[in-house]
Amino acid sequence: VLWKGLLPTIWRDIPFSMIYWFNYESLRVRSGIKMNSYWTFVCGAVAGSIAATITTPFDVVKTYRQIELGHNSKTFQNVCINGRANEALIKPITATTNNGATSTQTIDILIRIIKAQGVGALWSGK
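Here the residue numbering is sequential within each chain, running from 1 through the sequence in written order. For a predicted model such as this one, the threshold for reporting local features is a pLDDT of at least 70, and the threshold for listing and counting side-chain atom pairs is 80 or more; totals across whole chains, interfaces and linings nevertheless cover every residue. Side-chain metrics in this entry use all non-hydrogen atoms of the structure; hydrogen atoms and water are not considered.

1. Observations regarding the overall build of the protein
Phase 1 of the analysis: Across its full length, the protein holds 4 helices and 2 strands.
Phase 2 of the analysis: The linear arrangement of helices and strands in the protein, starting from the amino end, is α-α-β-β-α-α.
Phase 3 of the analysis: Summary of the burial criterion: residues with accessible area below 20% of their type's maximum are buried, those above 50% are exposed, and those between are partly exposed, where the area comes from a 1.4 Å probe applied to protein chains only. Expressed as a percentage of its 126 residues, the buried residues of the protein come to 27%.
Phase 4 of the analysis: Contacts were defined at the residue level, with two residues in contact if any of their heavy atoms lie within 4.5 Å. Taking the intrachain contacts of the protein between residues at least 6 apart in sequence as the baseline, contacts between residues at least 24 apart amount to 61%.
Phase 5 of the analysis: For the protein, the accessible area works out to roughly 8700 Å², and carbon and sulfur atoms hold 62% of it. To qualify as a helix, a DSSP run of H or I must reach at least 4 residues; to qualify as a strand, a run of E must reach at least 2; elements of each kind are numbered from the N terminus. Values of accessible area rely on a 1.4 Å probe in the Shrake-Rupley scheme; residue burial ignores everything except the protein chains shown.

Listed below in structure tokens is the structure:
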């Protein structure tokens, strides 16, 4: 159970870091402005915004996987969430594989989110 969210986390963190540092260095070098703490912050904020926008779908997948694991775990069956027993803020998206089991593979979760809620849900987390 400890490693269940590892792949979506890697799918998010490695591209985020690559995109962030590429954009940060590009902005810093190409701006032609003498760097001080203000401009360093601005370059970091812009680079982070770009990287976060691109990699948010993988964070949403990781969150859905964690929610599904929580719903499937007997430990959490009687947990009170949002003031009501057994009513979660985000309900799991259920879909079955050919053998009837719910798939928790990254690509399957992406496809289920798109089919159930549309492409925009990958950035909203609803």
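From this point, the narrative continues.
2. A short note on the pattern of salt bridges
Phase 1 of the analysis: Here, a salt bridge means any Lys or Arg side-chain nitrogen found within 4 Å of an Asp or Glu carboxyl oxygen. Following the criterion strictly, the structure yields 4 salt bridges and no others.
Phase 2 of the analysis: One salt-bridge network, in which partners are shared between bridges, spans Arg-12, Asp-13, Asp-59 and Lys-62.

3. Observations regarding the packing of aromatic side chains
The relation between two aromatic rings is expressed through the spacing of the ring centres and the mutual angle of the planes.
Phase 1 of the analysis: Stacked, edge-to-face and tilted labels apply to pairs of Phe, Tyr and Trp rings (six-membered ring for Trp) whose centres lie within 6.5 Å, assigned for plane angles under 30 degrees, over 60, and everything in between, in that order. Considering all chains together, one arrives at 5 aromatic pairs under this definition.
Phase 2 of the analysis: Seen in terms of ring centroids, Tyr-20 and Trp-21 are 4.9 Å apart; in terms of plane orientation they differ by 85°. Their pairing is edge-to-face.
Phase 3 of the analysis: The class of Tyr-20 is buried, set by a relative accessible area of 18%.
Phase 4 of the analysis: By relative accessible area, which is 49% here, Trp-21 ends up partly exposed.
Phase 5 of the analysis: Between Tyr-20 and Tyr-24 the ring centres are 6.0 Å apart and the planes differ by 10°, which places this aromatic pair in the stacked class.

4. Overview of the confidence of the model for the protein
Phase 1 of the analysis: On average, residues of the protein carry a pLDDT of 76, and 67% of them reach 70 or more.
Phase 2 of the analysis: For the protein, per-element mean pLDDT is lowest for strand S1 (residues 80-81), which scores 46, and highest for helix H1 (residues 6-30), which scores 89.
Phase 3 of the analysis: Confidence drops under a pLDDT of 50 for residues 75-82, and excluding neighbours within four residues, the segment shows 11 contacts in the predicted structure.
Phase 4 of the analysis: Confidence scores labelled pLDDT are given residue by residue by the predictor and lie between 0 and 100. Low confidence marks residues 85-90, where pLDDT is under 50. Its contacts with residues over four positions away, or in another chain, come to 15 contacts.

5. Observations concerning the nonpolar core
Phase 1 of the analysis: Only buried residues count toward a nonpolar core, which is a set of Ala, Val, Leu, Ile, Met, Phe, Trp, Tyr and Cys residues joined through side-chain atoms within 4.5 Å. Ranked by size, the top nonpolar core spans 9 residues in total: Phe-58, Val-60, Val-61, Tyr-64, Ile-109, Leu-110, Ile-113, Ala-121 and Leu-122.
Phase 2 of the analysis: Of all elements in the fold, only helix H2 (37-72), helix H3 (106-117) and helix H4 (121-124) reach the threshold of two or more residues within this core.
Phase 3 of the analysis: In this structure, Tyr-20, Tyr-24, Cys-43 and Ala-47 belong to the second largest nonpolar core, which totals 6 residues.

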